Amino acid sequence: MRERDARLFLRSLREEGVEALYWEPSAQASSPAPVPAGQDTRPGTEQKAPAEKRPQPDTSADREPKSQNAADHLRESMLEIYWKAQNCQLCSELCSTRNKVVFGAGNLRAPIVFVGEAPGRDEDEQGLPFVGRAGQILTALIEEMGFARKDVFICNTLKCRPPKNRPPQPEEIANCRPFLERQLELIRPKVICALGTFAAQTLLKTEEPISALRGKLHNYQGTPLMATYHPAYLLRNPSEKVKVSADLKLLKQELERL
Ligand code: URA
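Residues numbered from 1 in each chain as written. Predicted model: local features only at pLDDT ≥ 70, side-chain atom pairs only at ≥ 80, totals over all residues. Heavy atoms only, no water.

Notes on the pairing of strand E5 (residues 217–220)
Where burial is concerned, the two faces of E5 differ: the one with His-218 and Tyr-220 is buried and the one with Leu-217 and Asn-219 is not. Judged from the four bridges that link them, E5 and strand E6 (residues 223–228) form a sheet pairing that is antiparallel. Bridge pairing in E6 links Leu-217 to Met-226. Hairpin remark: E5 followed by E6, antiparallel, with two residues in the connecting loop; positive phi at Gln-221, about 45°. (Buried < 20%, exposed > 50% of the residue type's maximum accessible area, 1.4 Å probe, protein only. Helix = DSSP H or I, 4+ residues; strand = E, 2+ residues; numbered from the N terminus. Pairing = 2+ DSSP bridges.)

Looking at the packing of helix H6 (residues 170–187) against helix H7 (residues 197–204)
Where H6 meets H7, the axes come as close as 11 Å, and the angle between the chain directions of the two elements is 75°. Accordingly, the angle class assigned to the pair H6 and H7 is roughly perpendicular. Mapping the contact onto sequence places Ile-173, Arg-177, Leu-180 and Leu-184 in H6 and Phe-198, Thr-202 and Leu-203 in H7. Of the residues in the contact of H6 with H7, the class split is five nonpolar, one polar and one charged. (Axes fitted to C-alpha atoms, helices over the stretch in contact; angles between N-to-C directions. Parallel < 35°, antiparallel > 145°, perpendicular 65-115°, else oblique. Contact = heavy atoms within 4.5 Å. Nonpolar A, V, L, I, M, F, W, Y, C, P; charged D, E, K, R; others polar.)

Notes on the site of the ligand
Taken together, the neighbourhood of the ligand is formed by Gly-116, Glu-117, Ala-118, Glu-123, Pro-129, Phe-130, Asn-156 and His-230. Interatomic distance of 3.0 Å between a backbone N/O atom of Ala-118 and a nitrogen atom of the ligand. Between the ligand and Asn-156, the relevant distance is 2.7 Å, taken from a nitrogen atom to a side-chain nitrogen or oxygen of the residue. Here the ligand loses 92% of its free accessible area of 240 Å² to cover by the protein chains. Residue composition of the shell around the ligand, by class: three nonpolar, three polar and two charged. (Near = heavy atom within 4 Å. Polar contact = N/O pair within 3.5 Å; in protein donor to acceptor, adjacent residues only side chain to side chain. Areas by Shrake-Rupley, 256 points an atom, 1.4 Å probe, with all protein chains shown as cover.)

What follows is the structure, given as structure tokens:
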């Protein structure tokens, strides 16, 4: 069963557009070109070189393996914590009630990572983040920013569903924090979006309410972070969507500026 979940995770990475991580010299024709040294090819950060100056795939022997090694290392490091999360028993209640550990999904080279609160019922069943009603809203917001879900990485503060969707407890957040921090350390997004109170307070190590945190850029270990309302809040308060759209617009502007 767990092998099946790992395969599901890997397949979700592929389906969500991380073929570059699976790039192999023998598959050049059908795969994205390897990343030229020093060039950032994350979605949304393409460098608009004139056609004649467009970087050509560099097939020099000393760069190909480096790129492949970096991709392998990233994928393997992510898989290492994926397995740690799958086997985690730190929160006795959550690991006895969870159906699946929801590690996160998306592009490991995403320029932006969205961090939610915790899996809900749909996510706990499928093992994937934001696949329920709140997920539909998040997808629409991502698309409004000009991205597709395959361009970004989505994860949660807690990797296991709290029973009946109760709020995460401080000890659970503390137990799960290393997974989130390592995910961000590996992906190295250009910007981060914290969705809702728990993600924002956890990443910013503050107790300020989301209403005070949203709308301006913060700093998470050197990476610009925008806090905004959680998509589930928008289900109950649709008129607040304008504020979330404004927050995400600011974040996109910051991303384009970097
Ligand atoms: N709410 C969250 O915070 N995360 C999910 O994955 C789903 C709903």
